[in-house]
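Topology and contacts: notes
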Amino acid sequence: MDDVAGLPARRAALRLLDAVLRKGLPLEAALDVAARDLTRADDRGFAHAIAAEALRRLADLDALIDSATRRPLPDDAKARSALRIALVQALAMDTPPHAAIATVLPLVHGGPRKLVHGVFGTLMRGGASLPTPPSLPPAVAARWERHWGPEVVAAAAALLAAPPPLDLIFAAGAEPSDQMDGVGLLPGHLRLPGRTAVAGLTGYGEGRWWVQDVAASIPARLLGTGEGRTALDLCAAPGGKTMQLASAGFDVTAVDSSESRLARLSENLARTGLSARIVAGDIMRWSPPEKVDAILLDAPCSATGIYRRHPDVLHRVRPKAIAELAETQAAMLDRVSGWLKPGGTLVYSVCSLEPEEGEQVAEGFLRTHRSYQAAHVSAGELPETIPVEGHRIRMLPGVFAEAGGADGFFIARFRRSAD
Ligand SMILES: C[S@@+](CC[C@H](N)C(=O)[O-])C[C@H]1O[C@@H](n2cnc3c(N)ncnc32)[C@H](O)[C@@H]1O
């Protein structure tokens, strides 16, 4: 069966869709198992690209499929996912239709092959197309409309239409080279077009910069310059914020519970020549030997703010998971609040578009921790393009829209009272 060229990549894409949609796994976490029989790196990349594009376009692909079947196929039917894979390639990835269907039919061999062939043929003959921008899944659109309004939902969908830009953050003292033709949205930031190859860019080998979305660079900026002060970067890996803090002069201890993600943090520090103490530990059990001047808690979250890079979150994050994560985040904030010196600064951040994980956790923390106050972001600390509300920043789709948008984020800053 694998004699059909390109079939193994499509089989891996089918397994990826199943892992995300039926088992609720993150796309990246499912890749090793789904692509286990792919020996070539580009096949693995292609399988990932097909699955990611199908997840970005899932609502519209399903509407097309439903328009061509007498009775709707079950959500988890293999025939539906095979059609999603064939259609997304033909309609959004420039694969010739005959190749898109020929590489998918063997996946339903011995099953609904005729149905898949028939539905695909009907849609292609009828001139089927996918809308621009793609539609968000109805449950996500309804949730975000309730929280943020229809303009934000429209802006979120618009961001799905184009590949996310490549954002570089420069180490203190390093400047973008003249050969890098990009846009700077914040000091020390440069935005290049999406799909720019990272390894070929000037300064990569010398570690003058690292890849980090402009929104993800805001939390560490709120701690200012370090000048030798001590900082705990909690939930630190793969280390974008650790590098910012080390580069700003903090004496940083980076803590994370994931050994594999910490290995990436170590590689990042080695490449950039920056240094931090690295601790593998669960912050709900570990505690620091002494209190510090600054804490950054970039808590684990639903990651719905990074939906365009990780479109699986649009389909597997449910309200129950959001509520459970909010409990974990509140417990983490409570635990780490004892580790800051009086007068020190605590920044809490999540790459989530859910107020339960952002605004509600931050306000709950202030209500229950009398030794902490809101630390307002003053005029001039950040450019006016950043939506600051007192001690909080809420990055929604729509911020920097003309420049290609930014990840969704929530950031809050607190100060511990001096004794
Ligand atoms: C949002 S990511 C961190 C991104 C990172 N701050 C950066 O800028 O590159 C959340 C991290 O929390 C870590 N994590 C989750 N639960 C943890 C725990 N109980 N203790 C320590 N780290 C934890 C995960 O391994 C993951 O690396």
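Throughout, a residue's number is its position along its own chain's written sequence, starting from 1. For this predicted model, a pLDDT threshold of at least 70 governs which residues receive local features, and a threshold of 80 or more governs which side-chain atom pairs are given and counted, while totals over whole chains, interfaces and linings are taken from all residues. Side-chain measures were taken over the full set of non-hydrogen atoms in the model, leaving aside hydrogen atoms and water.

A word on the overall build of the protein chain
Tallying secondary structure elements over the protein chain gives 15 helices and 13 strands in all. Taking 22 Å as the expected radius of gyration for a compact globule of 419 residues, we find that the protein chain reaches 23 Å, a close match to that expectation. Judged by the C-alpha coordinates and their principal axes, the protein chain covers about 75 × 45 × 40 Å. The buried label goes to any residue with under 20% of its type's maximum accessible area, the exposed label to any with over 50%, and the partly exposed label to all in between, with areas taken from a 1.4 Å probe on protein chains only. Within the protein chain, the proportion of its 419 residues that are buried is 54%. Counted as positive: Lys and Arg. Counted as negative: Asp and Glu. His and the chain ends are not counted at all. Lysine's charge is taken at NZ, arginine's at CZ, aspartate's at CG and glutamate's at CD. Between the centroid of the 46 positive side chains of the protein chain and the centroid of its 48 negative side chains there is a distance of 6 Å. The way it works is that DSSP assigns letters per residue, a run of H or I at least four long becomes a helix, a run of E at least two long becomes a strand, and they are numbered from the N terminus. A radius of gyration in this sense is built from C-alpha atoms; the matching globule rule multiplies 2.2 Å by the number of residues raised to 0.38.

Focus on the packing of aromatic side chains
Stacked, tilted and edge-to-face pairs are distinguished by plane angle, under 30 degrees for stacked and over 60 for edge-to-face with tilted covering the rest, among Phe, Tyr and Trp rings (Trp via its six-membered ring) whose centres lie within 6.5 Å. Counted according to the given criterion, the structure contains six aromatic pairs. Taken together, a centroid distance of 5.6 Å and an interplanar angle of 90 degrees make the contact between Trp286 and Trp339 edge-to-face. On the criterion of sequence distance, the pair formed by Trp286 in the loop between β6 (277-280) and β7 (292-298) and Trp339 in the loop between α14 (319-336) and β8 (340-350) is long-range, its members being 53 residues apart. Each member of the pair, Trp286 as well as Trp339, is classed as buried. Through a chain of ring-to-ring contacts, three or more aromatic side chains come together here, namely Phe365, Tyr372 and Phe414. Note on criteria: charge over ring means Lys NZ or Arg CZ within 6 Å of the ring centre, with the direction from the centre no more than 35 degrees off the ring normal. Residue placement shows Arg271 over the ring face of Tyr204; its charged tip is 4.3 Å from the ring centre. For Arg271, the ring lying beneath its charged end belongs to Trp209, and the centroid distance is 5.6 Å.

Brief notes about the site of the ligand
One heavy atom within 4 Å of a molecule or strand is enough for the residue carrying it to be called near that molecule or strand. The ligand sits among 18 residues. The nearest are Lys241, Asp256, Arg261, Asp282 and Asp298. Polar contacts, as counted here, are pairs of nitrogen or oxygen atoms within 3.5 Å of one another; within protein the pair requires one atom able to donate a hydrogen and one able to accept it, and residues that are adjacent in sequence qualify only if both atoms are side-chain atoms. Within the contact set of the ligand, a nitrogen atom lies 2.7 Å away from a side-chain nitrogen or oxygen of Asp298. A 1.4 Å probe and the Shrake-Rupley method give the accessible areas. Residues count as covered only by the protein chains that appear here. Contact with the protein chains removes 84% of the 600 Å² of surface that the ligand exposes when unbound. Residue classes follow a fixed rule: Ala, Val, Leu, Ile, Met, Phe, Trp, Tyr, Cys and Pro count as nonpolar, while Asp, Glu, Lys and Arg count as charged, and any other residue, Gly among them, counts as polar. Along the lines of polarity and charge, the residues of the shell around the ligand split into eight nonpolar, five polar and five charged.

Considerations on the nonpolar core
Judged by nonpolar contacts, the single largest core of 87 residues is most densely connected at Leu234, Leu297 and Met395. By residue number, the principal contributor to this core is helix α9 (residues 150-160), which donates six residues. Two residues qualify as a contact provided that any one of their heavy atoms is within 4.5 Å of a heavy atom in the partner residue. Once you skip the residues sitting within four places of it in the chain, Leu297 turns out to touch Leu234, Cys235, Ile283, Met332, Leu333, Val336, Val347, Tyr348 and Ser349. Among the nonpolar cores identified, the runner-up in size contains 45 residues, and Leu31, Leu87, Val116 and Leu123 belong to it. To form a nonpolar core, buried Ala, Val, Leu, Ile, Met, Phe, Trp, Tyr and Cys residues must be joined to one another through side-chain atoms within 4.5 Å.

Some points on α9
Here α9 has its buried residues at Val152, Val153, Ala155, Ala156, Ala157, Leu159 and Leu160. For α9, the secondary structure elements touched by its buried residues are α3 (41-56), α8 (138-148), α13 (313-316) and β12 (397-400).

Notes on the side chain of Asp233
Looking at where Asp233 falls in the secondary structure, it is placed in strand β4 (residues 230-234). Although buried, Asp233 forms no salt bridge, and the nearest oppositely charged side chain, Lys241, lies 7.2 Å from it. If we ignore the near neighbours within four places in the chain, the residues touching Asp233 are Lys241, Thr242, Leu245, Val252, Thr253, Ala254, Val255 and Leu296. Salt bridge criterion: a side-chain nitrogen from Lys or Arg within 4 Å of a carboxyl oxygen from Asp or Glu.

Quick notes on unusual backbone geometry
The step from Thr132 to Pro133 runs through a cis peptide bond, and the omega angle for that step is -5 degrees. Looking at the element boundaries, Pro133 is found in the loop between α7 (113-125) and α8. Ala237 connects to Pro238 through a cis peptide bond whose omega is 10 degrees. With respect to the secondary-structure elements, Pro238 resides in the loop between β4 and α11 (240-247). Positive phi, normally seen in glycine, also occurs at Arg195, with a value near 70 degrees. Relative to the assigned elements, Arg195 resides in the loop between β2 (189-192) and β3 (209-211). Look at Glu227: it is not a glycine, yet its phi comes out positive at around 45 degrees. Relative to the assigned elements, Glu227 resides in the loop between α10 (218-221) and β4. The exposure class of Glu227 is exposed, given its relative accessible area of 69%.

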